[in-house]
Amino acid sequence: REELGGASVLILANKQDVGGALGSEEIREALGLMADEGGGSCGESGTEIGKDRHWAVFACSAITGEGLAGGMDWLVGDISERIFLLS
């Protein structure tokens, strides 16, 4: 949709504290976010999905809080790098 063009996509791979949970690389693969697009595991950000989306997959646990701050930091940073200010 045009309204979402340029949107940052943050995928939080929750439940990392539970045995058998898919890791961020497995989730990336399941969603078709290929490594040659710059996708990565363990909080590495990717390049554009299609032509106008930046994305990242972060392994996290809502119970322990692990990975949540990193994901939010990436999101804020990605958005702040692409804000256009009109004077």
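The shown structure was predicted, so the numbers you read here are calculated from the model rather than taken from an experiment.

1. Quick notes on the overall build of the protein chain
Along the protein chain, the regular secondary structure elements total two helices and three strands. Put simply, the protein chain runs from its N terminus to its C terminus through helices and strands in the order β-α-β-β-α. For the protein chain, restricting intrachain contacts to residue pairs at least 6 apart in sequence, the fraction spanning at least 24 positions comes to 48%. Of the roughly 5800 Å² of accessible surface on the protein chain, 57% is carried by carbon and sulfur atoms.

2. Description of the confidence of the model for the protein chain
Chain-level statistics for the protein chain give a pLDDT mean of 77 and a share of 71% at 70 or above. Taking the mean pLDDT of every element in the protein chain, the minimum, 50, falls on strand 2 (residues 45-49) and the maximum, 92, on helix 2 (residues 68-81). Low confidence marks residues 36-44, where pLDDT is under 50. Its contacts with residues over four positions away, or in another chain, come to 23 contacts.

3. What to know about the pattern of salt bridges
Using the criterion set out here, one finds one salt bridge in the structure. The partner of E25 in a salt bridge is R28, and the shortest N-O contact between them spans 3.8 Å. Placement of both E25 and R28 in helix 1 (residues 24-30) is noted, with a separation of three residues, approximately one turn of the helix. Overall, the relative accessible area of 37% leaves E25 in the partly exposed class. For R28, a relative accessible area of 6% corresponds to the buried category.

4. Quick look at the pairing of strand 3 (residues 53-59)
The buried fraction of strand 3 is high, at five of seven residues. As judged from the six bridges shared by strand 1 (residues 8-13) and strand 3, these two strands associate in the parallel manner. Across the sheet, V9 pairs through a bridge with W55, a residue of strand 3.

5. Here we look at the environment of K15
The residue K15 is located in the loop between strand 1 and helix 1 in this model. A residue is classified by how much of its surface remains accessible, and K15, at 51% relative accessible area, is exposed. In sequence terms K15 and T64 are 49 residues apart; their C-alpha atoms lie 9.7 Å from each other. In this structure K15 touches A21 and C60, once residues within four positions along its chain are discounted.

6. Let's talk about the side chain of S8
Of note, S8 is situated in strand 1. In this structure the side chain of S8 is engaged in a polar contact, spanning 2.5 Å, whose partner is the side chain of D78. Those residues in contact with S8, other than ones at most four positions away along the chain, are H54, W74, L75, D78, I79 and R82.

Criteria and thresholds
- Residues numbered from 1 in each chain as written.
- Predicted model: local features only at pLDDT ≥ 70, side-chain atom pairs only at ≥ 80, totals over all residues.
- Heavy atoms only, no water.
- Helix = DSSP H or I, 4+ residues; strand = E, 2+ residues; numbered from the N terminus.
- Contact = heavy atoms within 4.5 Å.
- Areas by Shrake-Rupley, 256 points an atom, 1.4 Å probe, with all protein chains shown as cover.
- pLDDT = per-residue confidence, 0-100.
- Salt bridge = Lys/Arg side-chain N within 4 Å of Asp/Glu carboxyl O.
- Buried < 20%, exposed > 50% of the residue type's maximum accessible area, 1.4 Å probe, protein only.
- Pairing = 2+ DSSP bridges.
- Polar contact = N/O pair within 3.5 Å; in protein donor to acceptor, adjacent residues only side chain to side chain.

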